[in-house]
Amino acid sequence: MVNFNSIKELIELAKEKNTTVGKITMEYELENSFDSREHMLKSMQDNWQVMQESIQRGVVNKDKSLSGLTGGDAIKLYAHKDDSYTGRTVMTVAASAVGVSEVNAVMGRIVACPTAGSCGIVPAAIKTAAEKNHNTEEEIIEALFTAAGIGLVIEANASIAGAYGGCQAECGTAAGMAAAAMVQLAGGTPDQVGTAVALAIKNLLGLACDPVAGLVEVPCVKRNGFVAVHSMVAADMALAGVESVIPVDEVIDAMDRIGRSLPRAVKETAEGGLATTQTGRKISERVFGK
């Protein structure tokens, strides 16, 4: 039996079996879903196809959302990638993440990974990393299972919902999932996977969920771009040998405790933060009326 309740246990299983976090997650899924390996892999391949399509649509998207708040920014970022301060790779991951989130805002098809509000981070990170590393589709699918394993543990021990834990629960979890997947795509060790998750999440602790007018648009869409870059830095730090002083499972526990202690106003209620700025209130009135 393959079973894990923490990232540490997941990593130890991978080391014990001399395999990857992704393969351990695959075995866990097989044992707990009562599905065939072929169908399980096909389901993840289908998810990957949707992710790629949402990126392709997103980086050329000019459509505005119904509210008019978002749309058309990913194409600007993508066009700027060769002239940017940060470089082509960083701007590609940012543009891709914003693009997927814009597709979500115009009711396009996306994969919620782990949520719709954070849907651009994992796809953008994995696609950009895989292209840079020349990974095979098999390696990409395995990395997606790595991300899934991380998300599974976080959901069990903290939360992936902004309404419960603030945006640290949504974008923070996505950052950890993306960083883990990128480490695996680069051939990193299970320990480095755990380190990347810790670094990605702990530097987003306390992130408020304060959507303007209650819509998953401002600041959510652009935040996907910023956090995708953040996850890439976490992966690079782990691959470079940087370690997290606080172990990953303690970071996740801290995220849970912080999430529970955050005021209701910044947990997806649109009753605090950016949503209650002067401009935020005016937007809400324009969209929904007084």
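Preceding this paragraph is the structure being described.
Small disclaimer: the values here were computed from a predicted structure and weren't measured.

The rules behind each value
Residues numbered from 1 in each chain as written. Predicted model: local features only at pLDDT ≥ 70, side-chain atom pairs only at ≥ 80, totals over all residues. Heavy atoms only, no water. Core = buried A, V, L, I, M, F, W, Y, C linked by side-chain atoms within 4.5 Å. Buried < 20%, exposed > 50% of the residue type's maximum accessible area, 1.4 Å probe, protein only. Helix = DSSP H or I, 4+ residues; strand = E, 2+ residues; numbered from the N terminus. Contact = heavy atoms within 4.5 Å. 1 Å grid on protein atoms, 1.4 Å probe; cavity = no way out; pocket = protein on both sides within 12 Å on 5 of 7 lines; lining within 4 Å. Points joined across faces, edges and corners; volume = space filled by probe spheres on them. Nonpolar A, V, L, I, M, F, W, Y, C, P; charged D, E, K, R; others polar.

Remarks on the nonpolar core
One broad trend across soluble globular proteins is that nonpolar side chains are buried collectively. Core analysis: the biggest nonpolar cluster contains 71 residues, and Phe 4, Val 122, Ile 126, Leu 144, Ile 150 and Ile 154 have the highest contact counts within it. Here this core gets 12 residues from one element, more than from any other, and that element is helix 9 (residues 167–185). Here Leu 144 is in contact with Met 44, Trp 48, Met 51, Val 122 and Ile 126, once residues within four sequence places are set aside. Core analysis: the second largest hydrophobic core is formed by 6 residues, Ile 55, Val 100, Val 103 and Ile 110 among them.

So, empty space enclosed by the protein
Per the stated rule, a full pass over the model turns up 1 cavity of 30 Å³ or more. By volume, the largest cavity amounts to about 30 Å³. Where the lining of the largest cavity is concerned, the elements lending two or more residues are helix 8 (162–165), helix 9 and helix 12 (248–261). No other element matches the 3 residues that helix 12 contributes to the lining of the largest cavity. In terms of residue class, the lining of the largest cavity is made up of 4 nonpolar, 4 polar and 1 charged.

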